[in-house]
Amino acid sequence: QQPMTAEKKTSKEQLMHSIAPEVKKIEQVMRQDLQVATVNADPLLREILQYGLFNGGKRLRPLLVVLSAQLCNCRVNPKKDKKSAVYELAVAFEYLHSASLYHDDVIDHADMRRGKPSVNNKFGMIAAILGGDFLHSRSMYLVGALGGVEALDIFCKATNAMVNGEFVQLRNTQDISLSETDYFAAVKGKTALFIAATCELGALVSNATASEQQALAEYGMNLGTAFQIIDDLLDYQGNPVDTGKTVGNDFQEGKMTLPLIYALSIAKPEDKKRLLLLIEKKSVTEHEFIEAYGLIEQYNGFERSRKKAESVVENALSGLQVFSDEKCRPILNLFKLLTQYVLSRKK
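Calculation rules
- Residues numbered from 1 in each chain as written.
- Predicted model: local features only at pLDDT ≥ 70, side-chain atom pairs only at ≥ 80, totals over all residues.
- Heavy atoms only, no water.
- Helix = DSSP H or I, 4+ residues; strand = E, 2+ residues; numbered from the N terminus.
- Expected span 1.5 Å × (residues − 1).
- Buried < 20%, exposed > 50% of the residue type's maximum accessible area, 1.4 Å probe, protein only.
- 1 Å grid on protein atoms, 1.4 Å probe; cavity = no way out; pocket = protein on both sides within 12 Å on 5 of 7 lines; lining within 4 Å.
- Points joined across faces, edges and corners; volume = space filled by probe spheres on them.
- Contact = heavy atoms within 4.5 Å.
- Axes fitted to C-alpha atoms, helices over the stretch in contact; angles between N-to-C directions.
- Parallel < 35°, antiparallel > 145°, perpendicular 65-115°, else oblique.
- Left-handed = near helix turned anticlockwise from the far one by under 90°.
- Phe/Tyr/Trp six-rings, centres within 6.5 Å; stacked < 30°, edge-to-face > 60°.
- Patch = residues over 30% accessible without salt bridge, like charges linked within 9 Å, V, L, I, M, F, W, Y side chains within 5 Å.
- Areas by Shrake-Rupley, 256 points an atom, 1.4 Å probe, with all protein chains shown as cover.
- Salt bridge = Lys/Arg side-chain N within 4 Å of Asp/Glu carboxyl O.
- Lys, Arg positive; Asp, Glu negative; His and termini not counted.
- Charge placed at Lys NZ, Arg CZ, Asp CG, Glu CD.
- Disulfide = S-S within 2.5 Å.
- Polar contact = N/O pair within 3.5 Å; in protein donor to acceptor, adjacent residues only side chain to side chain.
- pLDDT = per-residue confidence, 0-100.
- Nonpolar A, V, L, I, M, F, W, Y, C, P; charged D, E, K, R; others polar.

Chemist: Give a description of helix 3 (residues 60–72) that names residues and reports values.
Modeler: Spanning 13 residues, helix 3 covers 18 Å between terminal C-alpha atoms, matching the ideal 18 Å at 1.5 Å per step. Here helix 3 lies mainly inside the structure; twelve of its 13 residues are buried.

Chemist: For empty space enclosed by the protein, give the residues involved together with the corresponding values.
Modeler: With a probe scaled to a water molecule rolled over the atoms, the places where space remains empty come into view. Overall, the coordinates contain one cavity of 30 Å³ or more when judged by the stated rule. Quantified by volume, the largest cavity comes out at close to 90 Å³. Every residue along the wall of the largest cavity is listed here: Tyr51, Gly52, Asn55, Ser98, Leu101, Tyr102, Asp105, Arg113, Arg114, Pro117, Ser118 and Val119. Secondary structure elements with two or more residues in the lining of the largest cavity: helix 2 (43–53) and helix 4 (86–107).

Chemist: Describe the environment of Ile331, listing the residues and the values that go with them.
Modeler: Along the chain, the position of Ile331 falls in helix 15 (residues 329–344). Residues Ile331 and Leu101 lie 230 residues apart in sequence; the distance between their C-alpha atoms is 29 Å. Setting aside residues up to four positions removed in sequence, Ile331 forms contacts with Leu67, Gln70 and Leu71.

Chemist: Quick rundown of the packing of helix 12 (residues 269–280) against helix 13 (residues 286–298)? Include the residues and the values.
Modeler: Direction vectors running N to C along helix 12 and helix 13 enclose 140 degrees, while the axes themselves pass 10 Å from each other. Judged by the inter-axis angle, helix 12 sits oblique to helix 13. Seen along the crossing, helix 12 lies across helix 13 with a hand that is left-handed. Between helix 12, through Asp271, Arg274, Leu275 and Leu278, and helix 13, the contact on the second element is made entirely by Glu288, Glu291, Ala292, Leu295, Ile296 and Gln298.

Chemist: Describe the packing of aromatic side chains, and please don't skip the residues or the numbers.
Modeler: For the coordinates displayed, the defined rule picks out eleven aromatic pairs. With centroids separated by 5.5 Å and ring planes inclined at 35 degrees, the aromatic side chains of Phe93 and Phe194 adopt a geometry described as tilted. In this pair, Phe93 sits in helix 4 while Phe194 sits in helix 7 (residues 180–204), placing the two residues 101 residues apart along the sequence. Phe194 shares its class with Phe93; the two are buried.

Chemist: Hey, could you go over a positive patch on the surface for me, with residue numbers and the actual values?
Modeler: Where like charges cluster on the molecular surface, the positive patch consists of Lys12, Lys58, Lys245, Lys346 and Lys347. The residue Lys346 is located in the segment after helix 15 in this model.

Chemist: If you had to explain the state of the cysteines to someone new, which residues and values would you point to?
Modeler: Two cysteines, two sulfur atoms, one covalent bond between them: this is a disulfide. Under the definition given, this model contains one disulfide. For Cys74, the disulfide goes to Cys328, at an S-S distance of 2.1 Å. Since a negative S-S torsion denotes a left-handed disulfide, the Cys74-Cys328 link at about 90 degrees is right-handed. Here Cys74, found in the loop between helix 3 and helix 4, pairs with Cys328, found in the loop between helix 14 (301–318) and helix 15; they are 254 residues apart in sequence, far enough to count as distant.

Chemist: So what about the side chain of Glu288? Which residues, and what values?
Modeler: Among the structural elements, Glu288 can be located in helix 13. Since its relative accessible area comes to 12%, Glu288 is described here as buried. Within the structure, Glu288 has its side chain in polar contact with the backbone nitrogen of Thr285 (distance 3.0 Å). The contact partners of Glu288, leaving out residues within four places of it in the chain, are Arg274, Leu278, Lys281 and Ser283.

Chemist: I'd like a rundown of the confidence of the model for the chain, residues and numbers included.
Modeler: Taken as a whole, the chain shows an average pLDDT of 91; of its residues, 94% reach a score of 70 or greater. Across the chain, the element-wise mean pLDDT spans from 74 in helix 9 (residues 240–243) up to 97 in helix 2. Across residues 78–83, confidence stays below pLDDT 50; counting only partners more than four residues off in sequence or on other chains, it has eleven contacts.

Chemist: For the environment of Glu291, give the residues involved together with the corresponding values.
Modeler: Note on placement: Glu291 falls in helix 13. By relative accessible area, which is 28% here, Glu291 ends up partly exposed. Remark: the alpha-carbon pair of Glu291 and Gln35, spanning 256 residues in sequence, is separated by 51 Å. In this structure Glu291 touches Arg274 and Leu278, once residues within four positions along its chain are discounted.

Chemist: Lay out the pattern of salt bridges with the relevant residues and their values.
Modeler: Considering all chains together, one arrives at twelve salt bridges under this definition. One salt bridge connects Glu27 with Arg59, and the closest N-O pair in it is separated by 2.8 Å. In this pair, Glu27 sits in helix 1 (residues 6–37) while Arg59 sits in the loop between helix 2 and helix 3, placing the two residues 32 residues apart along the sequence. Taken together, the salt bridges that share partners define one network made up of Glu27, Arg59 and Glu94.

Chemist: Describe the packing of helix 8 (residues 210–237) against helix 15, with residues and values.
Modeler: Running from N to C, helix 8 and helix 15 cross one another at 20 degrees; their axes reach a closest spacing of 9 Å. As summarised for this structure, helix 8 and helix 15 are arranged roughly parallel, according to the angle between their axes. Considering only the axes of helix 8 and helix 15, their crossing is left-handed. Counting all contacts with helix 8, which are made through Leu216, Tyr219, Leu223, Ala226, Phe227 and Ile230, the residues of helix 15 involved are Phe335, Leu338, Thr339, Val342 and Leu343. Of the residues in the contact of helix 8 with helix 15, the class split is ten nonpolar, one polar and no charged.

Chemist: Go over helix 14 with me, naming the residues and quoting the values.
Modeler: Taking 1.5 Å per residue as the helical rise, helix 14 with its 18 residues ought to reach 26 Å, and the 26 Å between its terminal C-alpha atoms agrees with that figure. Where helix 14 is buried, its residues touch helix 8, helix 11 (258–266), helix 13 and helix 15.

See the structure below:
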């Protein structure tokens with residue numbers, strides 16, 4: 001992992017300071033909504049939701065809903081405002097994201113999440129699945145009630161894409177012929193479309209024009225793509241103390257992520273053969289993982305992946321030029337800081 005520069009550290013601190021009131025408001029609305037939604041719920045369900053939802057999440061997805069709405073409302077002469085409860089709508093995305101984490105940890109038999117026991121580890125597999133189901137149901141209710149049919153259509157398409165993206169990834173596991181195009185197709189479904197939907201719905205329920213809504217959706221798509229690339233880099237280069245995960249999980253599971261794909265594309269025949277042999281093994285020793293890491297580094301797999309993430313982030317920001325009003329500048333700066341945060345994150 002590249003050491004964080006003083007400039008990036010300052011940018012991160014600036015971002016955290018700027019968004020702190022919004023994150024606090026989002027969490028406040030989450031607690032209020034859960035109080036209503038679980039009034040007749042079983043005590044175990046309430047405990048699972050409390051534990052899983054307030055366990056150190058970054059709130060990136062609901063934050064993007066709120067910031068996108070603010071960006072579309074910042075112009076001098078906005079169109080007539082639609083009545084909307086943006087924070088309640090934003091909470092729906094945090095619910096769906098958390099539901100996917102509950103279920104992912106069951107699928108992966110993961111014992112830890114954010115440095116603490118996962119929901120399935122602490123409460124059991126059945127309870128984790130049912131808790132995720134509840135959050136999924138509640139998220140759809142909120143989007144439909146607050147955003148209407150158009151919002152629910154966007155939300156459900158993103159949800160379907162997430163599920164399909166997991167199936168694509170499942171099929172791609174240990175597919176040694178996987179290309180860069182295949183990789184990004186899976187990322188689009190698994191991660192990027194969902195991030196795009198957060199921005200698009202924030203625009204939809206505010207004062208967005210069609211071009212502004214599209215620009216924000218594209219920003220979200222590119223931000224989500226960069227987020228996943230960095231996630232794949234952290235699986236190799238992250239510090240387990242920061243990530244809360246064991247390094248090398250993806251390689252151990254035979255996942256062909258971008259650093260490996262890039263390395264294989266230019267590796268010498270004997271090195272390519274060795275990498276493929278290691279990725280196809282059912283169990284890789286620590287020494288073998290270090291060997292694979294060295295080969296990926298030798299063929300610039302990590303460096304090319306990071307440059308790709310930086311390029312994708314540039315694309316994310318370029319489309320937001322449609323928001324040219326001077327009053328939009330402070331919010332636009334937060335969107336820029338978010339891209340820097342995604343590129344420099346350690347967990």
